[in-house]
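Residue-level structural notes
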Amino acid sequence: MDKNSWKRDKLRPTQPFFVLDSDEFLQLSYRHMGISHFYNIKKKASHPIRTIPDGCIDFIFSYGKKGFSAVVSGTPLSVKESLMPDATDIFGVRFMPGTRPEGLEIRLRDIIGARKDLEEEYKDIFDFHALAHSFDFRERIDIFLREYGKIEMKKEKPFGKTALFRAVRDIIYKADGQIRVSDLSDITGYSERYIREVFMDEMGFSPKTFCDILRFQRTIEFINYGYDEKTADWVSDLGYYDQSQCIRDFKKYAGLTPRCYKKLVTEGHYRERVRNIEE
(Lines give C-alpha, C1' and ligand atoms only; values in the text may rest on other atoms or scores of the structure.)
Protein backbone atom coordinates (compact mmCIF):
# COMPACT_ATOMS: atom_id res chain seq x y z
CA MET A 1 0.00 0.00 0.00
CA ASP A 2 1.43 3.37 -0.98
CA LYS A 3 1.52 6.14 1.60
CA ASN A 4 -1.41 8.09 0.13
CA SER A 5 -3.82 5.21 -0.54
CA TRP A 6 -5.57 5.79 2.78
CA LYS A 7 -6.97 8.98 1.21
CA ARG A 8 -8.49 7.08 -1.72
CA ASP A 9 -9.89 4.09 0.13
CA LYS A 10 -13.32 4.16 1.69
CA LEU A 11 -13.17 4.34 5.45
CA ARG A 12 -12.74 0.92 7.00
CA PRO A 13 -13.90 0.52 10.59
CA THR A 14 -10.58 -0.48 12.14
CA GLN A 15 -9.80 -2.35 15.36
CA PRO A 16 -5.98 -2.23 15.47
CA PHE A 17 -5.70 -3.99 18.82
CA PHE A 18 -7.36 -7.05 17.28
CA VAL A 19 -4.07 -7.29 15.37
CA LEU A 20 -1.63 -6.06 18.00
CA ASP A 21 -3.08 -8.09 20.91
CA SER A 22 -3.51 -11.37 18.99
CA ASP A 23 -1.20 -14.14 17.81
CA GLU A 24 -2.68 -14.27 14.31
CA PHE A 25 -5.13 -12.05 12.45
CA LEU A 26 -6.82 -12.71 9.09
CA GLN A 27 -9.32 -10.45 7.36
CA LEU A 28 -11.32 -10.39 4.16
CA SER A 29 -13.00 -7.22 2.89
CA TYR A 30 -16.55 -7.85 1.65
CA ARG A 31 -18.67 -4.67 1.25
CA HIS A 32 -22.00 -6.33 0.45
CA MET A 33 -25.24 -6.65 2.44
CA GLY A 34 -24.05 -3.95 4.84
CA ILE A 35 -20.96 -6.00 5.81
CA SER A 36 -17.56 -4.31 5.99
CA HIS A 37 -15.34 -7.34 6.42
CA PHE A 38 -14.80 -10.72 8.02
CA TYR A 39 -11.93 -11.50 10.38
CA ASN A 40 -10.40 -14.40 12.26
CA ILE A 41 -8.31 -14.10 15.42
CA LYS A 42 -6.10 -16.68 17.11
CA LYS A 43 -4.97 -15.84 20.62
CA LYS A 44 -4.11 -17.28 24.00
CA ALA A 45 -6.84 -18.17 26.47
CA SER A 46 -7.47 -15.67 29.29
CA HIS A 47 -5.98 -12.94 27.11
CA PRO A 48 -8.46 -10.07 26.53
CA ILE A 49 -8.20 -7.87 23.46
CA ARG A 50 -8.76 -4.13 23.50
CA THR A 51 -11.68 -2.66 21.54
CA ILE A 52 -12.03 0.98 20.44
CA PRO A 53 -15.05 2.98 19.20
CA ASP A 54 -15.97 2.31 15.57
CA GLY A 55 -19.74 2.89 15.39
CA CYS A 56 -20.25 -0.72 14.28
CA ILE A 57 -22.05 -3.87 15.27
CA ASP A 58 -20.02 -7.09 15.17
CA PHE A 59 -21.21 -10.68 15.17
CA ILE A 60 -18.59 -12.58 17.15
CA PHE A 61 -18.33 -16.36 17.11
CA SER A 62 -15.85 -17.75 19.62
CA TYR A 63 -14.30 -21.18 20.05
CA GLY A 64 -12.44 -22.40 23.13
CA LYS A 65 -12.44 -24.78 26.09
CA LYS A 66 -15.89 -23.54 27.05
CA GLY A 67 -17.20 -24.47 23.62
CA PHE A 68 -18.88 -22.35 20.95
CA SER A 69 -20.65 -19.07 21.57
CA ALA A 70 -22.22 -16.42 19.34
CA VAL A 71 -22.86 -12.83 20.40
CA VAL A 72 -23.83 -9.54 18.84
CA SER A 73 -21.47 -6.82 20.06
CA GLY A 74 -22.07 -3.07 20.01
CA THR A 75 -19.54 -0.28 19.70
CA PRO A 76 -17.96 1.00 22.91
CA LEU A 77 -17.64 4.75 23.38
CA SER A 78 -14.15 4.48 24.88
CA VAL A 79 -11.40 1.88 24.78
CA LYS A 80 -12.36 -1.41 26.49
CA GLU A 81 -10.37 -4.53 27.34
CA SER A 82 -12.99 -7.15 26.89
CA LEU A 83 -13.00 -9.18 23.66
CA MET A 84 -13.73 -12.81 24.57
CA PRO A 85 -10.94 -13.32 27.14
CA ASP A 86 -11.42 -17.11 27.35
CA ALA A 87 -11.61 -17.83 23.60
CA THR A 88 -8.60 -19.01 21.59
CA ASP A 89 -10.22 -18.79 18.16
CA ILE A 90 -12.60 -15.98 17.12
CA PHE A 91 -14.50 -15.53 13.87
CA GLY A 92 -16.03 -12.08 13.41
CA VAL A 93 -18.34 -10.23 11.03
CA ARG A 94 -18.13 -6.44 11.18
CA PHE A 95 -20.99 -4.45 9.70
CA MET A 96 -20.53 -0.96 8.31
CA PRO A 97 -20.78 1.94 10.80
CA GLY A 98 -24.39 2.65 11.77
CA THR A 99 -25.71 -0.49 10.08
CA ARG A 100 -28.20 -2.67 11.93
CA PRO A 101 -27.95 -6.25 10.60
CA GLU A 102 -31.08 -7.61 8.95
CA GLY A 103 -33.29 -9.62 11.26
CA LEU A 104 -31.86 -8.03 14.41
CA GLU A 105 -34.72 -6.60 16.45
CA ILE A 106 -32.62 -4.69 18.99
CA ARG A 107 -31.44 -1.18 18.16
CA LEU A 108 -27.80 -0.16 18.07
CA ARG A 109 -28.36 2.01 21.13
CA ASP A 110 -29.38 -1.03 23.18
CA ILE A 111 -25.96 -2.68 22.91
CA ILE A 112 -23.51 0.23 23.21
CA GLY A 113 -20.46 -1.26 24.90
CA ALA A 114 -22.38 -4.48 25.52
CA ARG A 115 -23.13 -7.89 24.03
CA LYS A 116 -26.20 -10.06 23.66
CA ASP A 117 -26.64 -13.72 22.85
CA LEU A 118 -26.89 -13.92 19.06
CA GLU A 119 -28.41 -17.40 19.07
CA GLU A 120 -31.28 -16.03 21.13
CA GLU A 121 -31.71 -12.99 18.85
CA TYR A 122 -31.65 -15.12 15.67
CA LYS A 123 -33.60 -18.07 17.02
CA ASP A 124 -35.29 -20.08 14.24
CA ILE A 125 -33.91 -17.85 11.45
CA PHE A 126 -30.18 -18.74 11.50
CA ASP A 127 -28.68 -22.25 11.67
CA PHE A 128 -25.63 -22.00 13.94
CA HIS A 129 -24.79 -25.74 13.91
CA ALA A 130 -22.51 -25.77 10.88
CA LEU A 131 -20.69 -22.63 12.02
CA ALA A 132 -20.11 -24.13 15.46
CA HIS A 133 -18.29 -27.08 13.88
CA SER A 134 -16.22 -25.20 11.31
CA PHE A 135 -12.55 -24.36 11.90
CA ASP A 136 -11.63 -22.88 8.51
CA PHE A 137 -11.87 -19.12 7.90
CA ARG A 138 -13.21 -19.31 4.34
CA GLU A 139 -15.64 -22.07 5.21
CA ARG A 140 -16.97 -19.98 8.09
CA ILE A 141 -17.49 -17.06 5.72
CA ASP A 142 -19.39 -19.27 3.25
CA ILE A 143 -21.59 -20.69 6.00
CA PHE A 144 -22.36 -17.25 7.40
CA LEU A 145 -23.22 -15.78 3.99
CA ARG A 146 -25.50 -18.72 3.21
CA GLU A 147 -27.47 -18.25 6.42
CA TYR A 148 -27.42 -14.44 6.57
CA GLY A 149 -28.31 -14.22 2.87
CA LYS A 150 -31.64 -15.92 3.59
CA ILE A 151 -32.45 -13.22 6.15
CA GLU A 152 -31.18 -10.34 4.01
CA MET A 153 -33.40 -11.34 1.08
CA LYS A 154 -36.50 -10.88 3.27
CA LYS A 155 -35.71 -7.31 4.34
CA GLU A 156 -38.37 -4.63 3.96
CA LYS A 157 -37.71 -1.37 2.20
CA PRO A 158 -37.07 1.48 4.64
CA PHE A 159 -39.64 4.16 5.24
CA GLY A 160 -40.21 7.08 7.57
CA LYS A 161 -37.70 7.43 10.39
CA THR A 162 -35.70 4.43 9.21
CA ALA A 163 -35.17 6.02 5.80
CA LEU A 164 -34.09 9.33 7.37
CA PHE A 165 -31.67 7.61 9.76
CA ARG A 166 -30.05 5.62 6.96
CA ALA A 167 -29.79 8.70 4.75
CA VAL A 168 -28.12 10.74 7.52
CA ARG A 169 -25.83 7.84 8.41
CA ASP A 170 -24.70 7.48 4.79
CA ILE A 171 -24.10 11.22 4.38
CA ILE A 172 -21.92 11.29 7.49
CA TYR A 173 -20.05 8.18 6.38
CA LYS A 174 -19.31 9.52 2.89
CA ALA A 175 -18.00 12.74 4.49
CA ASP A 176 -15.70 10.75 6.84
CA GLY A 177 -17.43 12.54 9.70
CA GLN A 178 -16.45 15.98 8.42
CA ILE A 179 -19.92 17.50 8.33
CA ARG A 180 -22.02 19.63 10.68
CA VAL A 181 -25.51 18.77 11.90
CA SER A 182 -26.71 22.05 10.35
CA ASP A 183 -25.48 20.77 6.98
CA LEU A 184 -27.41 17.55 7.51
CA SER A 185 -30.51 19.65 8.14
CA ASP A 186 -29.98 21.59 4.91
CA ILE A 187 -29.45 18.40 2.90
CA THR A 188 -32.40 16.42 4.27
CA GLY A 189 -34.86 19.24 4.89
CA TYR A 190 -35.45 18.09 8.49
CA SER A 191 -34.67 20.17 11.57
CA GLU A 192 -31.45 19.59 13.51
CA ARG A 193 -33.51 18.63 16.57
CA TYR A 194 -35.51 15.98 14.70
CA ILE A 195 -32.37 14.54 13.10
CA ARG A 196 -30.77 14.22 16.55
CA GLU A 197 -33.90 12.55 17.95
CA VAL A 198 -34.08 10.01 15.11
CA PHE A 199 -30.34 9.30 15.29
CA MET A 200 -30.35 9.00 19.08
CA ASP A 201 -33.31 6.63 18.92
CA GLU A 202 -31.43 4.20 16.69
CA MET A 203 -27.76 4.66 17.61
CA GLY A 204 -27.95 5.75 21.23
CA PHE A 205 -25.66 8.70 20.61
CA SER A 206 -25.79 11.89 18.57
CA PRO A 207 -24.85 12.50 14.92
CA LYS A 208 -21.94 14.61 16.21
CA THR A 209 -20.59 11.67 18.25
CA PHE A 210 -20.90 9.47 15.16
CA CYS A 211 -18.91 12.09 13.22
CA ASP A 212 -16.27 12.12 15.96
CA ILE A 213 -15.96 8.32 15.92
CA LEU A 214 -15.61 8.19 12.13
CA ARG A 215 -13.01 10.96 12.21
CA PHE A 216 -11.13 9.05 14.92
CA GLN A 217 -11.30 5.88 12.80
CA ARG A 218 -9.93 7.82 9.82
CA THR A 219 -7.07 9.03 12.01
CA ILE A 220 -6.31 5.45 13.04
CA GLU A 221 -6.21 4.41 9.38
CA PHE A 222 -4.02 7.38 8.49
CA ILE A 223 -1.48 6.59 11.20
CA ASN A 224 -1.50 2.90 10.21
CA TYR A 225 -0.81 3.55 6.54
CA GLY A 226 -0.37 7.20 5.59
CA TYR A 227 1.59 8.86 8.39
CA ASP A 228 4.46 11.13 7.44
CA GLU A 229 6.36 13.09 10.11
CA LYS A 230 6.92 15.91 7.60
CA THR A 231 3.22 16.38 6.89
CA ALA A 232 2.47 19.47 8.95
CA ASP A 233 -1.21 19.85 8.11
CA TRP A 234 -2.44 16.26 8.48
CA VAL A 235 -4.48 17.19 11.54
CA SER A 236 -6.57 19.72 9.61
CA ASP A 237 -6.80 17.34 6.63
CA LEU A 238 -8.56 14.90 8.92
CA GLY A 239 -11.06 17.57 10.01
CA TYR A 240 -9.67 18.59 13.40
CA TYR A 241 -9.60 22.23 14.43
CA ASP A 242 -6.07 21.91 15.80
CA GLN A 243 -3.58 19.40 17.17
CA SER A 244 -4.92 19.74 20.72
CA GLN A 245 -8.40 18.66 19.61
CA CYS A 246 -6.92 15.68 17.75
CA ILE A 247 -4.91 14.55 20.78
CA ARG A 248 -7.87 15.04 23.14
CA ASP A 249 -10.27 13.01 20.97
CA PHE A 250 -7.69 10.30 20.29
CA LYS A 251 -6.97 9.81 24.00
CA LYS A 252 -10.71 9.72 24.69
CA TYR A 253 -11.33 6.89 22.23
CA ALA A 254 -8.02 4.97 22.21
CA GLY A 255 -6.68 5.64 25.69
CA LEU A 256 -3.34 6.95 24.41
CA THR A 257 -1.97 9.79 22.28
CA PRO A 258 -1.48 9.58 18.49
CA ARG A 259 2.30 9.65 19.00
CA CYS A 260 2.16 6.73 21.47
CA TYR A 261 -0.15 4.84 19.14
CA LYS A 262 2.20 5.41 16.20
CA LYS A 263 5.06 4.01 18.27
CA LEU A 264 2.93 1.02 19.21
CA VAL A 265 1.96 0.09 15.63
CA THR A 266 5.53 0.61 14.41
CA GLU A 267 7.15 -1.51 17.12
CA GLY A 268 4.33 -4.06 16.90
CA HIS A 269 4.83 -4.40 13.11
CA TYR A 270 1.13 -3.81 12.54
CA ARG A 271 1.22 -3.80 8.74
CA GLU A 272 3.18 -7.04 8.57
CA ARG A 273 0.80 -8.78 10.99
CA VAL A 274 -2.39 -8.06 9.04
CA ARG A 275 -2.99 -10.90 6.58
CA ASN A 276 -5.56 -9.96 3.96
CA ILE A 277 -7.40 -12.81 2.26
CA GLU A 278 -8.64 -12.24 -1.29
CA GLU A 279 -12.39 -12.57 -1.81
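See above for the structure.
Residues numbered from 1 in each chain as written. Predicted model: local features only at pLDDT ≥ 70, side-chain atom pairs only at ≥ 80, totals over all residues. Heavy atoms only, no water.

Considerations on the pairing of strand β4 (residues 58–64)
Counting buried positions along β4 yields six of seven residues, so the element is predominantly enclosed. By the bridge criterion, seven bridges tie β4 to strand β5 (residues 67–73) in an arrangement that is antiparallel. In the sheet register, G64 faces β5, and the bridge partner there is G67. Counting the residues between successive antiparallel strands, the hairpin from β4 to β5 contains two residues. Across six bridges, the pairing between β4 and strand β7 (residues 89–95) is antiparallel. (Buried < 20%, exposed > 50% of the residue type's maximum accessible area, 1.4 Å probe, protein only. Helix = DSSP H or I, 4+ residues; strand = E, 2+ residues; numbered from the N terminus. Pairing = 2+ DSSP bridges.)

Structural notes on helix α7 (residues 181–188)
Two residues of an α-helix separated by three or four positions point the same way, owing to the 3.6 residues in each turn. Of the residues making up α7, those classed as buried are V181, L184 and S185. Down the axis of α7, the buried set is contained in an arc of 100°. They therefore lie on one face. The exposed residues of α7 that point more than 90 degrees off its buried face are D186 and I187. Looking at the buried positions of α7, the neighbouring elements they touch are α6 (160–174), α8 (192–203) and α9 (207–225). Immediately downstream of α7, the backbone of G189 shows phi near 85°, a positive value. (Arc of directions from axis to C-beta. Contact = heavy atoms within 4.5 Å.)

A look at empty space enclosed by the protein
Taken as a whole and assessed by the stated rule, the structure comprises one cavity of 30 Å³ or more. Roughly 40 Å³ of volume is contained in the largest cavity. G55, C56, I57, G74, T75, L108, I111, I112, M203 and F205 are the residues that line the largest cavity. Here the lining of the largest cavity is built from residues that sort into seven nonpolar, three polar and no charged. (1 Å grid on protein atoms, 1.4 Å probe; cavity = no way out; pocket = protein on both sides within 12 Å on 5 of 7 lines; lining within 4 Å. Points joined across faces, edges and corners; volume = space filled by probe spheres on them. Nonpolar A, V, L, I, M, F, W, Y, C, P; charged D, E, K, R; others polar.)

Examining the nonpolar core
If you look at the biggest cluster of nonpolar residues, it comprises 79 residues, and the most contacted ones within it are F38, F59, F61, F91 and F144. The biggest single contributor to this core is α9, with nine residues. Residues contacting F59, with those up to four places away along its chain left out, are V71, V72, F91, G92, V93, F95, P101, L118, Y122 and F144. (Core = buried A, V, L, I, M, F, W, Y, C linked by side-chain atoms within 4.5 Å.)

Notes on the pairing of strand β2 (residues 35–42)
Within β2, seven of the eight residues are buried, leaving the element largely enclosed by the surrounding structure. Judged from the six bridges that link them, strand β1 (residues 24–29) and β2 form a sheet pairing that is antiparallel. Bridging from a neighbouring strand, E24 pairs with K42 of β2. Where β1 folds back onto β2 in an antiparallel hairpin, the turn is made up of five residues, including R31, whose phi is positive at roughly 60°.

Some details on the packing of α6 against α7
Where α6 meets α7, the closest approach of the two axes is 11 Å, and the angle between their N-to-C directions is 125°. Accordingly, the angle class assigned to the pair α6 and α7 is oblique. Pair α6 / α7 crosses with right-handed handedness. Mapping the contact onto sequence places L164, V168, I171 and I172 in α6 and L184, I187 and T188 in α7. (Axes fitted to C-alpha atoms, helices over the stretch in contact; angles between N-to-C directions. Parallel < 35°, antiparallel > 145°, perpendicular 65-115°, else oblique. Left-handed = near helix turned anticlockwise from the far one by under 90°.)

A short note on the side chain of T75
Relative to the helices and strands, T75 is located in the loop between β5 and β6 (80–81). The residues touching T75, leaving out its near neighbours within four places in the chain, are P53, D54, G55, C56, I111, I112, G113 and F205.

Remarks on the pattern of salt bridges
According to the stated counting rule, one finds 23 salt bridges in the structure shown. The shortest N-O distance in the salt bridge between D183 and R180 comes to 3.4 Å. Overall, the relative accessible area of 56% leaves R180 in the exposed class. As a salt-bridge pair, E267 and K263 come within 2.9 Å of each other at their nearest N and O atoms. Here the residue E267 and the residue K263 both occupy positions in helix α12 (residues 258–267), the gap between them amounting to four residues, near one helical turn. For the pair E267 and K263, one class covers both residues: exposed. In the salt-bridge network here, residues are joined through shared partners; they are R107, R109, D110 and D201. (Salt bridge = Lys/Arg side-chain N within 4 Å of Asp/Glu carboxyl O.)

Section: the packing of aromatic side chains
Going through the model one piece at a time under the given rule, you end up with 28 aromatic pairs. Measuring from ring centre to ring centre gives 5.3 Å for F216 and F250, while their planes differ by 70°; the resulting arrangement is edge-to-face. Of this pair, F216 sits in helix α9 while F250 sits in helix α11 (residues 243–254), and the two are 34 residues apart along the sequence. Each member of the pair F216 and F250 is classed as buried. Lying over the aromatic face of Y63, R140 brings its terminal NZ or CZ to 4.0 Å of the ring centre. (Phe/Tyr/Trp six-rings, centres within 6.5 Å; stacked < 30°, edge-to-face > 60°. Lys NZ or Arg CZ within 6 Å of the ring centre and 35° of its normal.)

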